[in-house]
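Residues per chain, in single letters:
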Amino acid sequence: MIDYELSPDIVATREQLHMLAEHAMRPIARDYDEREHEKPWDFINMTWQLSKNSGIGPGRENRDKTEPRPDAERNLRTCVAVEELSWGDAGLYLAMPGPGLGGAAVMAAGTPEQKERFLSRFKGEKAVWSAMAITEPGAGSDSAAIQTTAVRDGDHWVLNGTKIFCTSGLMAGDPSKSNGFIVVWATVDRSAGRAGIKSFIVNAGTPGMTIAKCEDKMGIRVSDTATLIFEDCRIPLDQILGSPEVPKTSEGFKGVMATFDATRPIVAASAIGVGRAALDFVREELKRQNIPIRYGTAVHKLTAIERDFMDMEANLQAARLLTWRAAWMMDRGQRNNLEASMAKAKAGLVVTQVTQKAVEILGPLGYSRELLLEKWMRDAKINDIFEGTQQINMMIIARRILGYSSKELS
């Protein structure tokens, strides 16, 4: 039987985080959007103390059925939590400390010893960030086209290359900010193509890693987005995640890509949170203006606003169900590559449409900087871009459903 009810534990988490979003995030959202690159340290330190023992974060897919599972709903719980935090403010959510995408990569591709070694730092008193560096100037979202190299030299790997648009790259890579780390994707053998791509842990302050700049952005402005340059950056041999062996098939690359199976539902959940914020605002404003939404009325009798509002609501709900399904599958050890891309593609598109329609419905009220609606429209677009663009995810979906190869779709 299909059950859409959340467990009492997750419902309680959602209610607690909604209070945090409403009372701690919304009041400062505009200020830190205006003051880009300035960090909300009071908020960061408060949320660090709240979050470090919360169990919120992407969990590794549990394919080993004999392994103990301390939280069987970790991925679903994380998606529900991220929706609430992003309802509060997506930029502040992304600026929060924690394992983040770098931690997700360690969970997806690291050995048990590496998980203990690299993730234990997130249990301390001081806030810590991690980040994941994939995108390059010449590769964009095509992970298989990565040009950054990792060459073995004695007891070290030597990394060379440039990474752009690295979320939290400053806070994770600068030792004056935190004892964090960056997960860097690089090729150990270009002739091997996708199979040669591996991920490496580069600790904050490692010589040879330079934080070149932080982007000035349209949205999520309180979250830093860094450019990182690696010039003869030497790291110990055991800081490669998983095996250094290059398989003859693309299986090794699939292991690296498993990171996205964990993180794409989380990005989708963030998109839904932003879209829900816009939808809730429109609902309240229509109510204030005594404009009803008549559910159950025949479609041909609805006003244009009613049809638009119901369409926005239905699309957000469809995106949420896809997202929860992808997280639910991962919690049960099921491969969710297709479902993770479906959730990300749907939610990324829906949030841009919903926020734009919300601004359109409310006109001057939506466009004014006095309110947050125009900010939510700016914040929304990134969800259709990072963690794989709309086009990349549609190609993955096409390959999985229709059986086309990468070459046939290129």
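How each quantity is defined
- Residues numbered from 1 in each chain as written.
- Predicted model: local features only at pLDDT ≥ 70, side-chain atom pairs only at ≥ 80, totals over all residues.
- Heavy atoms only, no water.
- Phe/Tyr/Trp six-rings, centres within 6.5 Å; stacked < 30°, edge-to-face > 60°.
- Helix = DSSP H or I, 4+ residues; strand = E, 2+ residues; numbered from the N terminus.
- Buried < 20%, exposed > 50% of the residue type's maximum accessible area, 1.4 Å probe, protein only.
- Salt bridge = Lys/Arg side-chain N within 4 Å of Asp/Glu carboxyl O.
- Axes fitted to C-alpha atoms, helices over the stretch in contact; angles between N-to-C directions.
- Parallel < 35°, antiparallel > 145°, perpendicular 65-115°, else oblique.
- Left-handed = near helix turned anticlockwise from the far one by under 90°.
- Contact = heavy atoms within 4.5 Å.
- Nonpolar A, V, L, I, M, F, W, Y, C, P; charged D, E, K, R; others polar.

Q: Which residues make up the packing of aromatic side chains, and what values do they have?
A: The full count for this structure, using the stated rule, is six aromatic pairs. Here the aromatic rings of Trp41 and Trp129 are separated by 6.1 Å at their centres, their planes lie at 90°, and the arrangement is edge-to-face. Remark: Trp129 occurs in the loop between helix H5 (112–119) and strand E1 (130–133) and Trp41 occurs in helix H2 (residues 41–51); sequence separation between them is 88 residues. The buried category is assigned to Trp129, whose relative accessible area is 1%. Measuring from centroid to centroid gives 5.4 Å for Trp157 and Phe200, while their planes differ by 65°, and the two rings are edge-to-face. Placement of the pair is Trp157 in strand E3 (residues 156–167) and Phe200 in strand E5 (residues 197–203), with a sequence separation of 43 residues.

Q: Account for the pattern of salt bridges, with residues named and values stated.
A: Counting across every chain of the model gives 28 salt bridges. Residue Lys375 is joined to Asp89 by a salt bridge in which the shortest nitrogen-to-oxygen separation is 2.5 Å. Remark: Asp89 occurs in helix H3 (residues 74–95) and Lys375 occurs in helix H11 (residues 373–380); sequence separation between them is 286 residues. We note that Lys375, like Asp89, is buried. Among the salt bridges present, the one from Arg288 reaches Glu285, with a minimum N-O distance of 2.5 Å. Remark: Glu285 and Arg288 occur in helix H7 (residues 251–288); sequence separation between them is three residues, near one turn of the helix. Of the residues examined, Arg288 reaches a relative accessible area of 60% and is grouped as exposed. Residue Glu285 is classed as buried on the basis of its relative accessible area, which comes to 8%.

Q: Explain the packing of helix H4 (residues 100–109) against H5 to me, using residue names and the numbers behind them.
A: Running from N to C, H4 and H5 cross one another at 160°; their axes reach a closest spacing of 8 Å. Of the possible angle classes, the one that applies to H4 and H5 is roughly antiparallel. The handedness of the crossing between H4 and H5 comes out as left-handed. Facing Gly103, Val106 and Met107 of H4, the residues of H5 in contact are Gln114, Lys115 and Leu119.

Q: Give me the lowdown on the packing of H3 against helix H8 (residues 304–331), citing residues and values where you can.
A: Two numbers describe how H3 lies on H8: the axes approach to 7 Å, and their chain directions differ by 150°. In terms of their interaxial angle, H3 and H8 are classed as roughly antiparallel. Residues Arg74, Asn75, Leu76, Cys79, Val80 and Glu83 of H3 form the contact with H8, whose own contacting residues are Arg320, Thr323, Trp324, Ala327, Met330 and Asp331. Looking at the contact of H3 with H8 residue by residue, the class counts come to six nonpolar, two polar and four charged.

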